Amino acid sequence: MVFRRSGPVFGIPVVILVLLLLDGGCDAALSGDFIFRSLIHRFHPDAIELVLDAEPDETGAVRRLYAALTGAVYEGIRIDSLSLEAVFCVFRTVRDSGGTELAELASSVNGYFDARLRERDLNDFLVGRVVDGNGDEKWKKVRVDFLPSRLSARGYYSNSGLTALVELDGMLELVDGTQVILSDYALRINNADQASFVEAAIRKAQPLLDFRKFPFPVVLKSLVITDDSISLATRVPPKRFKGIVFRYGKSGRQP
């Protein structure tokens, strides 16, 4: 028995092209809701408000974006409040290490940012953590105390079976607008044999905060320390505007 097919016959290259057309072009499917859900996935905030001047166009371009987040998590540390604004930006779709498809900022002309990190959130992050260095090197029971214009810290450093109580007092400094480092610090160590190892370990721990891989462009100009928080900001602060609004949190809709 012979079977005949009428009409065109699709060869393998054509089939592949059709599949690519169906699977590709995902930038064209970018939407405000997709950007919104991607921010939630990246930052796990307690609450968020996203404002767009309009839906992304077919290239993923958004002329203006504003976001305000409460309780966002970056590099494992809870940030009490964070707001950002980006102008003339273009988004693309990517997959994270777990295979989840997300909206990612590919480019932006300008970015404005401010954030507040509380002392208690930083200490909650440090409680119970053991920070491993090279070999037998470890930090544990580290606690930080914010003071006006500086900070102090206390913790235990161990290396090759020897443990030292380390107390530190120093300043925080911005470097290249993207990093926060510890500078002009003084050390008190109850085990003199460990002094050189502790100094080397602190140098390796720099920067303390790093925004070089932050999902939005950041060029920080100010760093203010009070007795309970650190505030970081760009020269121009983010500004909310009227537009398409997405909300999540206690006062907003759930995604």
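The structure we're discussing is the one just above.
Residues numbered from 1 in each chain as written. Predicted model: local features only at pLDDT ≥ 70, side-chain atom pairs only at ≥ 80, totals over all residues. Heavy atoms only, no water.

## Let's talk about helix α2 (residues 32-43)
Item 1. Counted at 1.5 Å a residue, the expected span for α2 with its twelve residues is 16 Å, and the 17 Å between its end C-alpha atoms agrees.
Item 2. Burial in α2 covers these residues: G32, F34, I35, F36, S38, L39, I40 and F43.
Item 3. Buried residues in α2 make contact with β1 (47-52), β2 (61-74), β3 (77-95), β4 (101-118) and β13 (244-248). (Helix = DSSP H or I, 4+ residues; strand = E, 2+ residues; numbered from the N terminus. Expected span 1.5 Å × (residues − 1). Buried < 20%, exposed > 50% of the residue type's maximum accessible area, 1.4 Å probe, protein only. Contact = heavy atoms within 4.5 Å.)

## A few points about the pattern of salt bridges
Item 1. Per the counting criterion, the structure on display carries 17 salt bridges.
Item 2. One salt bridge connects D80 with R116, and the closest N-O pair in it is separated by 2.6 Å. Residue D80 is found in strand β3, and its partner R116 is found in strand β4; the two are separated by 36 residues along the sequence.
Item 3. Using a relative accessible area of 16% as the deciding quantity, one classes D80 as buried.
Item 4. Residues R188 and E167 are paired through a salt bridge, measuring 3.7 Å at the closest nitrogen-oxygen approach. Taken together, the residues span a long stretch of sequence, with R188 in strand β9 (residues 179-189) and E167 in strand β8 (residues 162-175) at a distance of 21 residues. (Salt bridge = Lys/Arg side-chain N within 4 Å of Asp/Glu carboxyl O.)

## Digging into the packing of aromatic side chains
For any pair of aromatic rings, the description consists of the separation of the ring centres together with the inter-plane angle of the planes.
Item 1. Evaluated as defined, the whole model comprises nine aromatic pairs.
Item 2. Centroid distance F43 to F214: 5.7 Å. Interplanar angle 50 degrees. Geometry classified as tilted. Of the two residues, F43 is situated in helix α2 and F214 in the loop between β10 (209-210) and β11 (220-225); the sequence distance between them amounts to 171 residues. Here the two residues F43 and F214 agree in accessibility, since each one is buried. (Phe/Tyr/Trp six-rings, centres within 6.5 Å; stacked < 30°, edge-to-face > 60°.)

## Here we look at unusual backbone geometry
For residues that are not glycine, phi is negative in most cases, and the peptide bond is trans in most cases.
Item 1. Put simply, Q206 and P207 share a cis peptide bond, and its omega is -5 degrees.
Item 2. As for its placement among the helices and strands, P207 is situated in the loop between α4 (195-205) and β10.
Item 3. Look at S160: it is not a glycine, yet its phi comes out positive at around 55 degrees.
Item 4. Following the sequence through the fold, S160 ends up in the loop between β7 (150-159) and β8.

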